[in-house]
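Below, each chain spelled out in residue letters.
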Amino acid sequence: MKDNLVIVESPAKAKTIEKFLGDKYAVLSSYGHIRDLKKKSFSVDEKTFAPQYEVPADKVKVVSLLKEQAKGASMVWLASDEDREGEAISWHLYEVLGLKPEKTRRIVFHEITKPAILDAIEHPRQIDLNLVNAQQARRVLDRIVGFKLSPVLWRKVKPSLSAGRVQSVAVRLIVEREREIQDFRLENNYRITAIFHNTDGSEVKAELSRRFPTAEEARAFLESCKDSHFSVQDILTKPVKRSPAPPFTTSTLQQEAAHKLGFTVAQTMMVAQHLYESGRITYMRTDSVNLSNLCLGASKKVIAEQMGKEYVKTRQYHTSSKGAQEAHEAIRPTYMDQPQIEGNQQERRLYDLIWKRTIASQMADAELERTQVTISIDGKEETFLADGQVIKFDGFLRVYSDMGIEALNDTDGDNENLSTLPAMTIGESLSREQIVATQRFSQRPVRYNEASLVRKLEELGIGRPSTYATTITTIQQREYVEKGDKPGEERSYQTITLNGDEINVELHTTLVGQERGKLLPTDIGIVVNDFLKENFPEIMDYNFTADIEKEFDDIAEGKTAWEVVVRKFYDEFEPLVEKSVNTHTEHKVGERLLGNDPATGVPVTVKIGRFGPVVQLGGTSTGKRPRFAQLATGQKLETITLEEALELFRLPRKLGTYEGEPVIIGAGKFGPYISHKGSYVSIPKDTDPMEVTFEQAVIMVHRKHVEEAERHLRTFSEDAELEVLNGRYGPYIIYKGNNYRLPKAMHERAKELTYEECMQIVNEQGEKSAEKPAKRRFSRK
């Protein structure tokens, strides 16, 4: 047993650190948290808010090993990550392992390199209880919200739903954006562009300084230009500088990886974690844009050697967001002289993005020259404007040379790709080639994707960037939000063209509104959002959620006691829970009346049923049992019409006859299905049951029959309750509702087993199970 025990939270991190420390150090992993709140109970004292922790069953062996190793070590070094979560992991290790202050040291580092690890060993500290308390406050407050709100949703909306503080606000953003799109009203105007030629015959593209609201006005303007003279009225040339973006924080890395590499937020964090644990980059959960002096010096050397001294401009950025910790560093490569690394494709691509962003941040501004030419029209106030620019000195853009002008997207948001203009002089006459009026439409709001949602959450101060990946994953797992595509729609637009003295009008079509990988609210997400907004407005308020984050920051800085923050929240929150539970409404939450069925006069409503969104035909007041139909793919509670809802009750419908039996499409509580010969085949969610053909249905039915035949290996005339079935893990016996394992030696002849052999197995295994003490079962009331 070694004198020094170093405990980290991940095996990969342990493996890398072990290389840097000598034989006197053993490095082990805790595999994340070794202790947490109990999963199936509230686990928070409602008077003191003291959390009740437990060691999960899957961590018992890990804890046992760490205890044994810690007992024999002269010093235990707690080396979990430097954020609040990492501090909490170290504190739990200290408590559970029963460590002594004199034999325990807390060490932190921003990068996993030998100098950084050895420096941390030289400068240890104690566990920061303020950081632990900030993490504990977040954990307890989120447990209160989850455990108090979820049962309310079960009773009021649908069983098995759950709610979270940050997740609920994220869903609200997505729902409100969807409603902005639904309420959007299209407007149009006419944009006028022209192509001229100067005296040298060079082409000049320009746009009119105003737009026209109607086609008649646009055409009248073109008519007036037939005999007009065009000349250069003014030439304005000015230098423009473009500065590089700061180094990456967690949120900007997530956004840029989504934009440039197509990574999901979760994917970005997973790959960044691998890069950090293998010693390639600094810690990837940070809100600081600060760079160490070591990095600044190394970057300066690399830039001067590879590009020249004129490209060097050392910058030290400072974080503007509240709660950011300047002691931390931005995400950067650990070795700036390594522009490429070995690894899988994802790791290489993300590392390349990080290296370029870091090195560019220490390079000179790009110097451009922008020119704007004003073109006058005889006898008119309107003018045409022609813009162009040239790069005089590429500066930091040089590192993005493989990306072209796209690198400008990382600076000030000016994404316009301007071409160069030919030489012209004031007063120079220009000849008109053509003038085109193009009908343009206002753009509706764009749905969030993962990157833009991260940007919005950070802008509002909701949550922390390190939790965004989990938040986005959770709201999709809970089926409040789904990631999907919108096909778009064809739109007609008009162009009016002046060529010579002729004016031509043409009608064109274009595809608009097509979106990929967007976050779309589900019906359940919308109903839950509306219910929480009405009954728990404070929880759903953007400012409240951001203010809570500030209070967590105050706890981390030792300014506020964590119990005070939780108590204040609880005292305001608990009465709202009681009120919502005791409020009774005539209709179910989210229920909407579409109208009455013309044939029967009974009401037609849509609502969230036990198994999802449904249409209900009839009600309990009619004296007849109501009928239900699940919504078809693409239909929404908020937008479905009475006619569309009634169409769903065309099921069941008979498609034809196969093998002498009818093939019928029906609708059940689990969704649409195909029935044939007593067998039922579920129709996939993305398939419209009204569009399934007889041929498609037969294929699905045949596949089901084949699967059933392969599953039922042997039946017995002696006893109908005895059967040999084929399961996921091989053949087994089922008898009177109980399963019995078939010995491997019998697998090959499972179809040939005799009745006596099967009953012998049933009796033998039945006797063994009877000898074991019965497990006590507890029911939750």
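Please read these numbers as outputs of a predicted model, since none were measured by experiment.

**Student:** Explain the pairing of strand β18 (residues 603–609) to me, please; I cannot follow it from the model alone.
**Tutor:** Looking along a regular strand, one sees the side chains alternate between the two faces of the sheet. Taking burial as the measure, the 7 residues of β18 include 6 buried ones, the bulk of the element. Of the pairings in the sheet, the one linking strand β17 (residues 592–596) to β18 comprises 4 bridges and is antiparallel in character. Its bridge partner being in β18, L593 is matched across the sheet by T605. What sits between β17 and β18 in their antiparallel hairpin is a turn of 6 residues, with G601 showing a positive phi close to 80°. Here 6 bridges tie β18 to strand β19 (residues 612–617), and the two strands are oriented antiparallel to one another. From the neighbouring strand, V606 faces β19, where its bridge partner is V615. Between β18 and β19, which follow one another and run antiparallel, lie 2 residues.

**Student:** Mind showing me how you'd approach the sheet that holds strand β2 (residues 25–29) here?
**Tutor:** Strands sit in the order β2-β1-β5-β6 across an open sheet of 4 strands; the sheet is parallel. Sheet topology places β2 and β6 (104–106) at the edges, where each strand pairs with a single neighbour. Adjacent strand axes in the sheet meet at a mean angle of 20° when their direction is disregarded. In this structure, strand β1 (residues 4–8) lies alongside β2, joined through 5 bridges in parallel fashion. Bridge pairing in β2 links V8 to S29. Together, β1 and β2 form the strand contacts of helix α1 (residues 11–20), whose direction differs from that of β2 by roughly 165°. Here helix α3 (residues 84–96) sits on the sheet in contact with β1, β5 (75–78) and β6, set at roughly 175° to β6.

**Student:** Explanation requested: the nonpolar core in the structure shown.
**Tutor:** Nonpolar side chains in soluble globular proteins generally cluster together in the buried interior. Residues F109, I144, L153, I281, L350, L532 and V615 are the most contacted members of the largest nonpolar core, which totals 133 residues. By residue number, the principal contributor to this core is helix α5 (residues 129–156), which donates 10 residues. The residues touching F109, leaving out its near neighbours within four places in the chain, are K13, I17, A79, E82, A116, I117, A120 and Y276. Listed in part, the 27 residues of the second largest apolar core include F212, L222, F384 and I435.

**Student:** Sorry if this is basic, but what is going on with the pairing of strand β15 (residues 502–512) here?
**Tutor:** Sheet analysis places strand β14 (residues 489–499) next to β15, joined by 11 bridges and oriented antiparallel. Looking at β15, one finds that R491 is bridged to T510. Where β14 folds back onto β15 in an antiparallel hairpin, the turn is made up of 2 residues, including G500, whose phi is positive at roughly 65°.

**Student:** Which parts of the structure should I look at to understand the sheet that holds β17?
**Tutor:** One key point about sheets: their strands pair by backbone hydrogen bonds, in either a parallel or an antiparallel sense. Strand order in the open sheet formed by 4 strands is β17-β18-β19-β20, with antiparallel pairing between adjacent strands. A strand with exactly one partner marks an edge of an open sheet, and here the two such strands are β17 and β20 (627–630). Averaged over all neighbouring strand pairs, the angle between strand axes comes to 25°, with direction disregarded. Two strands pair when backbone bridges link them, and β19 and β20 are joined in this way by 4 bridges, in the antiparallel orientation.

**Student:** How do you make sense of the packing of aromatic side chains when you look at a structure like this?
**Tutor:** We describe a pair of aromatic rings using the distance from one ring centre to the other and the angle between the two ring planes. Overall, the coordinates contain 15 aromatic pairs when judged by the stated rule. Ring geometry for F212 against F221: centres 5.3 Å apart, planes inclined by 35°, an arrangement best described as tilted. As far as the burial class goes, F212 and F221 line up, both buried. Here the aromatic rings of F569 and F573 are separated by 5.1 Å at their centres, their planes lie at 20°, and the arrangement is stacked. Here F573 and F569 lie together in helix α16 (residues 562–582), a separation of 4 residues that amounts to about one turn. Judged on exposure class, the residue F569 and its partner F573 are both buried. If you follow R177 out to its NZ or CZ, it ends over the ring of Y448, 4.4 Å from the centre. Lying over the aromatic face of F441, R491 brings its terminal NZ or CZ to 4.8 Å of the ring centre.

**Student:** How should unusual backbone geometry be read in this particular structure?
**Tutor:** With glycine set apart, most residues show a phi of negative sign, and most peptide bonds adopt trans. Of note in this structure, E659 is not a glycine but carries a positive phi near 55°. Mapped onto the elements, E659 comes out in the loop between β21 (653–658) and β22 (661–668). When its relative accessible area of 47% is taken as the criterion, E659 is described as partly exposed. Even without being glycine, K736 reaches a positive phi, approximately 50°. Counting through the fold element by element, K736 comes out in the loop between β27 (730–735) and β28 (738–741).

Parameters at a glance
- Residues numbered from 1 in each chain as written.
- Predicted model: local features only at pLDDT ≥ 70, side-chain atom pairs only at ≥ 80, totals over all residues.
- Heavy atoms only, no water.
- Buried < 20%, exposed > 50% of the residue type's maximum accessible area, 1.4 Å probe, protein only.
- Helix = DSSP H or I, 4+ residues; strand = E, 2+ residues; numbered from the N terminus.
- Pairing = 2+ DSSP bridges.
- Axes fitted to C-alpha atoms, helices over the stretch in contact; angles between N-to-C directions.
- Contact = heavy atoms within 4.5 Å.
- Core = buried A, V, L, I, M, F, W, Y, C linked by side-chain atoms within 4.5 Å.
- Phe/Tyr/Trp six-rings, centres within 6.5 Å; stacked < 30°, edge-to-face > 60°.
- Lys NZ or Arg CZ within 6 Å of the ring centre and 35° of its normal.

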